[in-house]
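Tertiary structure, described
As a plain string of letters, each chain reads:
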Amino acid sequence: MRVDIVTIFPEYLAPLELSLIGRARQSDVLDVTVHDLRAWTHDAHRTVDDSPYGGGPGMVMRPEPWGEVLDALRADREADPPRLIVPTPAGVPFSQRLARELAGEPRLLFACGRYEGIDERVVAYAASRMTVTEVSLGDYVLFGGEVAVLVVLEAVVRLLPGVLGNADSLVEESHAGGLLEAPLYTKPAQWRGYEVPEVLRSGDHGRIARWRREQALLRTAARRPDLLAALPADALDEDDRVLLAGTGLSPPGGDMAE
Ligand code: JAH
């Protein structure tokens, strides 16, 4: 996969040298280039922002440097036009499903906004030439899109063939089954007065699987009732429903009686 990232803070992307993403780059699974937006300005001060039309606080990123860099990176095509990803609190929610979709793209281009954001015409122009997806990581505001790009890339790169090595670790743990995962433990069996649950040391794989299922359901009900409510009707069996009925955290709609 080829990835281009445009930012006014290229150093912010330094973590892409590290750990498993750094290794994927060395192994040629991943080709990442970080570009400084200011290289596409022409004034002495290399200005990337201006005041918002209509008034309001802060500054907006000017469209001209963005137009030039998008043209340059689209024209630069050994293969396909890139899919443009723009992190913004106004985007569609990022998810494991979207990560899977992006992992299937040959080429991604990330545009990192700063200040209040990027002039809307940049997205309109880009959308006339490539697929554009504005993505939100959640309902909060960062200083800019750089850290959001790191998050999206972590989620995407670990799905690329040959990156994780261990196919079992690729079970998309906390979101594939639509439930949160059960808690994890390792040695020692006793630590600072806390014990690993007996069932996990029992060697009884049937009991262990049932316990993990219960923990996953209880956690999901307590922390993410939205996930529980979104499960398909056949996702919960009778034991699951009895367990949840005892918590007062039953999913709405599901008739828990009898
Ligand atoms: C902030 C440009 N949902 C996470 C997120 C993503 C991007 C931004 N904020 C939060 C952001 C300022 C300018 C993007």
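About the cut-offs
Residues numbered from 1 in each chain as written. Predicted model: local features only at pLDDT ≥ 70, side-chain atom pairs only at ≥ 80, totals over all residues. Heavy atoms only, no water. Axes fitted to C-alpha atoms, helices over the stretch in contact; angles between N-to-C directions. Helix = DSSP H or I, 4+ residues; strand = E, 2+ residues; numbered from the N terminus. Parallel < 35°, antiparallel > 145°, perpendicular 65-115°, else oblique. Left-handed = near helix turned anticlockwise from the far one by under 90°. Contact = heavy atoms within 4.5 Å. Nonpolar A, V, L, I, M, F, W, Y, C, P; charged D, E, K, R; others polar. Near = heavy atom within 4 Å. Polar contact = N/O pair within 3.5 Å; in protein donor to acceptor, adjacent residues only side chain to side chain. Pairing = 2+ DSSP bridges. Right-handed = clockwise from strand over helix to strand, strands pointing away. Buried < 20%, exposed > 50% of the residue type's maximum accessible area, 1.4 Å probe, protein only. Phe/Tyr/Trp six-rings, centres within 6.5 Å; stacked < 30°, edge-to-face > 60°. Salt bridge = Lys/Arg side-chain N within 4 Å of Asp/Glu carboxyl O.

1. A short note on the packing of helix 2 (residues 63-75) against helix 4 (residues 120-127)
A pair of packed helices can be characterised by two numbers: the angle between their axes and the separation between those axes. Orientation of helix 2 relative to helix 4, taken along the N-to-C sense of each, is 20°, at an axis distance of 9 Å. Taken as axis vectors, helix 2 and helix 4 run roughly parallel relative to one another. The element helix 2 and its partner helix 4 pack so that their crossing is right-handed. Where helix 2 approaches helix 4, its residues Pro63, Trp66, Gly67, Leu70 and Asp71 are matched on the opposing element by Arg121, Val122, Tyr125 and Ala126. Split into classes, the residues belonging to the contact of helix 2 with helix 4 amount to six nonpolar, one polar and two charged.

2. Side note on the site of the ligand
Ser136, Leu137, Gly138, Tyr140 and Leu142 are the nearest of the 15 residues found near the ligand. Serine 136 places a polar side-chain atom, nitrogen or oxygen, 3.4 Å from a nitrogen atom of the ligand. Between the ligand and leucine 137 there is a distance of 3.0 Å, counted from a nitrogen atom to a backbone nitrogen or oxygen. At three residues, the largest contribution of residues to the shell around the ligand is made by strand 5 (residues 83-93). The residue inventory of the shell around the ligand, partitioned by class, reads eight nonpolar, six polar and one charged.

3. A look at the pairing of strand 5
Relative to strand 6 (residues 107-111), strand 5 is paired through three bridges, and the arrangement is parallel. Across the sheet, the residue bridging to arginine 83 is leucine 108, located in strand 6. Note that strand 5 and strand 7 (residues 132-136) share six bridges and pair parallel. When the sheet's bridge partners are listed, proline 93 is paired in strand 7 with serine 136.

4. Some words on the pairing of strand 2 (residues 31-36)
Sheet topology places strand 1 (residues 2-7) next to strand 2; six bridges connect them, and they run parallel. Residue isoleucine 5 lies in a different strand from strand 2, and its bridge partner there is valine 34. Considered for its hand, the β-α-β crossover made up of strand 1, helix 1 (residues 19-26) and strand 2 is right-handed.

5. Considering the environment of tyrosine 53
Positionally, tyrosine 53 belongs in the loop between strand 3 (49-50) and strand 4 (60-61). The class of tyrosine 53 is exposed, set by a relative accessible area of 84%. Sequence spacing of tyrosine 53 and proline 87 is 34 residues, and the spatial spacing of their C-alpha atoms is 22 Å.

6. Comments concerning the packing of aromatic side chains
Evaluation of the coordinates by the stated rule reveals one aromatic pair. Ring centres of phenylalanine 9 and tyrosine 12 lie 6.2 Å apart, and the angle between their planes is 55°; on these two criteria the pair is classed as tilted. Judged by relative accessible area, which is 31%, phenylalanine 9 ranks as partly exposed. In this structure tyrosine 12 comes out as partly exposed when scored by relative accessible area, which is 34%.

7. Some details on the pattern of salt bridges
On inspection of all chains with the given rule, the structure shows 13 salt bridges. The salt bridge partner of arginine 83 is glutamate 105, with a shortest N-O separation of 3.0 Å. One end of the pair, arginine 83, is in strand 5; the other, glutamate 105, is in the loop between helix 3 (96-103) and strand 6, and 22 residues separate them in sequence. A residue is classified by how much of its surface remains accessible, and arginine 83, at 8% relative accessible area, is buried. Exposure remark for glutamate 105: the relative accessible area of 23% places this residue in the partly exposed category. If you follow the salt bridges from partner to partner, you end up with Arg83, Arg97, Glu101 and Glu105 in one network.

8. Quick look at unusual backbone geometry
With omega at 5°, the peptide bond leading from lysine 187 into proline 188 counts as cis. If you trace the backbone, proline 188 turns up in the loop between helix 6 (173-176) and strand 8 (190-191). A positive phi is found at serine 19, a non-glycine position, where the angle reads about 55°. The residue serine 19 is located in helix 1 in this model. Overall, the relative accessible area of 63% leaves serine 19 in the exposed class. The phi angle at arginine 46 is positive, at roughly 50°, despite the residue not being glycine. When you line up the elements, arginine 46 lands in the loop between strand 2 and strand 3. On the accessibility criterion, arginine 46 (38% relative accessible area) is partly exposed.

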